[in-house]
Amino acid sequence: MRQSPTYIDIHLLQTVPPANLNRDDQGNPKEAYFGGVRRSRVSSQAWKRATRLHFADRVPEQDLATRTKRIAGKLTDRIAQTSDVDAEAAARLAAALLAPLKITAGKKAGDTAYLFFYGRRQLDAVAALVADQAADLAAQDDTALADHIKTLDVQKAFRTGHPIDVALFGRMVADIPALNVDAATQVAHALSTHATEAEFDYFTAVDDENDTEETGAGMIGAIGFNSATLYRYATVGLHQLIDNLSDREAAVTAVDEFINSFARSAPTGYQNSFAHRTLPSMAAVVVRSDQPVNLVSAFEEPITAPSGIAAASARRLAREHTAAVRNWGNAPTFSALSHTFDTETGTTAKDLEAAFGTAVTFDTLQTRLRAHLTGTDQQDAT
């Protein structure tokens, strides 16, 4: 049965010190024009990968996906581990099993032409199709082996049992549309709420073994960087996630894992040089039944506050959310807020709470969201 639409919007404000989170083709921080000025930008791909890597610390490896051109080698290893055939026979069986997928071979021997995103347990399921008869199949000629493989539903192993990262981020296989998985998550490029300028760190490295009469640097270089308060946005379609996972409880757990990892992760570009890891100063989660709503329009006019850019950004975001709900009339079914702004002074906390509800800790935010999505809460929409 088709699920009614449920969208979970995640809005984050995060201040990052001098950093180069995500490089362009010149090695400098990515940027974009927005509202007539130059902004710092971090691509959605960079933050999605950071989110996926954060999953790895919380979810067992076998329950996750991997993206690689080396699926043939990985399948060969699985067959060799689960049967009594040697590596050469396992490679032949792997090639036969992958043939129905019509994955084009890459330029490098053993590689596919493009990255294939699949769950580790899905690959185990493919290997299990031949595990108990691997030796007999390896002894057959190519025609007989291919005929036998046609009797096995290799595609089914990749159409079912998706891990949460495939279910969240989707998969496209141009050669076999049946293997495509519609993404349940959309992630926006992170964008600074204010104008930024590119800066450069000129550095030198000293040769520790230089003789005293040898002067000068052993190496000279420069790294581009900027610093910014970023607006980060993502949305999860719970209905699509349930369809991908065929289990509502698993889908709610996946939402929980995504929000936690999306908020706590960061791309690692030049991390050793800048130690840029920070946490968001504000996180708001809004559940809607109409459509996702990205609130980046709050910053079309760049923030120009002489101090407190993060606080000014939070106030602007809160007012944009309130105005959007008032103007378009599509009130969210649930909202929750967590922030680190001073609740005793100023208007920032008041504006945020007027828009998104009383502030709670991030862990409590996730607990309340889960209760709402599972129908076990009594909270009214804010």
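Further up the page is the structure itself.
Residues numbered from 1 in each chain as written. Predicted model: local features only at pLDDT ≥ 70, side-chain atom pairs only at ≥ 80, totals over all residues. Heavy atoms only, no water.

Trainee: Any details on the overall build of the protein? Residues and values, ideally.
Mentor: When helices and strands are tallied, the protein shows 14 helices and 11 strands. Taken over the C-alpha atoms alone, the protein extends approximately 75 × 75 × 35 Å along its principal axes. Long-range contacts, defined as pairs at least 24 residues apart, comprise 75% of the intrachain contacts of the protein with a sequence gap of at least 6. Of the roughly 19,200 Å² that the protein leaves accessible, carbon and sulfur atoms contribute 48%. Counting 37 positive and 47 negative side-chain charges, the protein places the centres of these two groups 6 Å from one another. (Helix = DSSP H or I, 4+ residues; strand = E, 2+ residues; numbered from the N terminus. Contact = heavy atoms within 4.5 Å. Areas by Shrake-Rupley, 256 points an atom, 1.4 Å probe, with all protein chains shown as cover. Lys, Arg positive; Asp, Glu negative; His and termini not counted. Charge placed at Lys NZ, Arg CZ, Asp CG, Glu CD.)

Trainee: Report on the nonpolar core, specifying residues and quantitative values.
Mentor: When a protein is soluble and globular, its nonpolar side chains tend to lie buried together. Residues Ile8, Ile10, Leu241 and Phe258 are the most contacted members of the largest nonpolar core, which totals 54 residues. Per element, the largest residue contribution to this core is eight residues, and it comes from helix α10 (residues 248-264). Not counting residues up to four positions away in its chain, the partners in contact with Ile10 are Arg232, Tyr233, Ala234, Val236, Phe258, Ile259, Phe262, Ala284 and Val285. Judged by nonpolar contacts, the second largest core, of 30 residues, contains Ile79, Ala127, Val154 and Ile176. (Core = buried A, V, L, I, M, F, W, Y, C linked by side-chain atoms within 4.5 Å. Buried < 20%, exposed > 50% of the residue type's maximum accessible area, 1.4 Å probe, protein only.)

Trainee: Residue-level account of helix α14 (residues 362-374), with values.
Mentor: Since one α-helical turn is 3.6 residues long, residues separated by three or four positions face the same way. Taking 1.5 Å as the rise per residue, α14 with 13 residues should run 18 Å; its terminal C-alpha atoms sit 18 Å apart, in good agreement. Taken as a whole, α14 has its buried residues at Phe362, Leu365, Gln366, Leu369, Ala371, His372 and Leu373. Contact partners of the buried residues in α14: β1 (7-19), α9 (238-245), α10, β10 (282-288) and β11 (334-339). A positive backbone phi angle near 75° is found at Gly375, which sits one or two residues after α14. (Expected span 1.5 Å × (residues − 1).)

Trainee: Describe in detail the pattern of salt bridges, supporting the description with residues and values.
Mentor: Per the counting criterion, the structure on display carries nine salt bridges. Salt-bridge contacts for Glu31 lead to Arg38; the nearest nitrogen and oxygen are separated by 3.0 Å. For Arg38, a relative accessible area of 33% gives the class partly exposed. With a shortest N-O distance of 2.6 Å, Arg78 and Asp124 are connected by a salt bridge. Separated by 46 residues along the polypeptide, Arg78 in helix α2 (residues 71-82) and Asp124 in helix α4 (residues 120-131) bring together distant segments of the chain. (Salt bridge = Lys/Arg side-chain N within 4 Å of Asp/Glu carboxyl O.)

Trainee: So what's going on with the pairing of strand β3 (residues 37-42)? Which residues, and what values?
Mentor: Where strand β2 (residues 31-34) and β3 come together, four bridges link them in antiparallel fashion. Its bridge partner lying in β3, Phe34 is registered against Val37. Looking at chain direction, β3 and strand β7 (residues 190-192) are connected through two bridges and run antiparallel. For Val42, the partnering residue across the bridge sits in β7 and is Ala190. (Pairing = 2+ DSSP bridges.)

Trainee: Hey, could you go over the packing of aromatic side chains for me, with residue numbers and the actual values?
Mentor: All chains considered together, the criterion is met by eight aromatic pairs. Between Tyr118 and Phe158, the ring centres sit 6.3 Å apart and the planes meet at 75°, which makes this aromatic pair edge-to-face. Separated by 40 residues along the polypeptide, Tyr118 in strand β5 (residues 116-119) and Phe158 in helix α7 (residues 154-159) bring together distant segments of the chain. As far as the burial class goes, Tyr118 and Phe158 line up, both buried. What links up through ring pairs into an aromatic cluster is the set Phe116, Tyr118 and Phe158. For Arg23, the ring lying beneath its charged end belongs to Tyr270, and the centroid distance is 4.5 Å. If you follow Arg232 out to its NZ or CZ, it ends over the ring of Trp47, 3.8 Å from the centre. (Phe/Tyr/Trp six-rings, centres within 6.5 Å; stacked < 30°, edge-to-face > 60°. Lys NZ or Arg CZ within 6 Å of the ring centre and 35° of its normal.)

Trainee: So what's going on with unusual backbone geometry? Which residues, and what values?
Mentor: Phi at Tyr270 is positive, roughly 55°, even though this residue is not glycine. Of note, Tyr270 is situated in the loop between α10 and α11 (271-274). Given a relative accessible area of 26%, Tyr270 falls into the partly exposed group. Within the chain, Ala275 stands out as a residue other than glycine whose phi angle is a positive 45°. By the secondary structure assignment, Ala275 is in the loop between α11 and β10. With a relative accessible area of 58%, Ala275 lands in the exposed category.

Trainee: I'd like to hear about the packing of α2 against α4, residue by residue, with values.
Mentor: Axis separation between α2 and α4 bottoms out at 9 Å; the angle between their running directions is 55°. Classified by the interaxial angle, the pair formed by α2 and α4 is oblique. When the axes of α2 and α4 are compared, the crossing they make is right-handed. Across from Ile71, Lys74, Leu75, Arg78, Ile79 and Thr82 in α2, the residues of α4 making contact are Arg120, Leu123, Asp124, Val126, Ala127, Val130 and Ala131. Split into classes, the residues belonging to the contact of α2 with α4 amount to eight nonpolar, one polar and four charged. (Axes fitted to C-alpha atoms, helices over the stretch in contact; angles between N-to-C directions. Parallel < 35°, antiparallel > 145°, perpendicular 65-115°, else oblique. Left-handed = near helix turned anticlockwise from the far one by under 90°. Nonpolar A, V, L, I, M, F, W, Y, C, P; charged D, E, K, R; others polar.)

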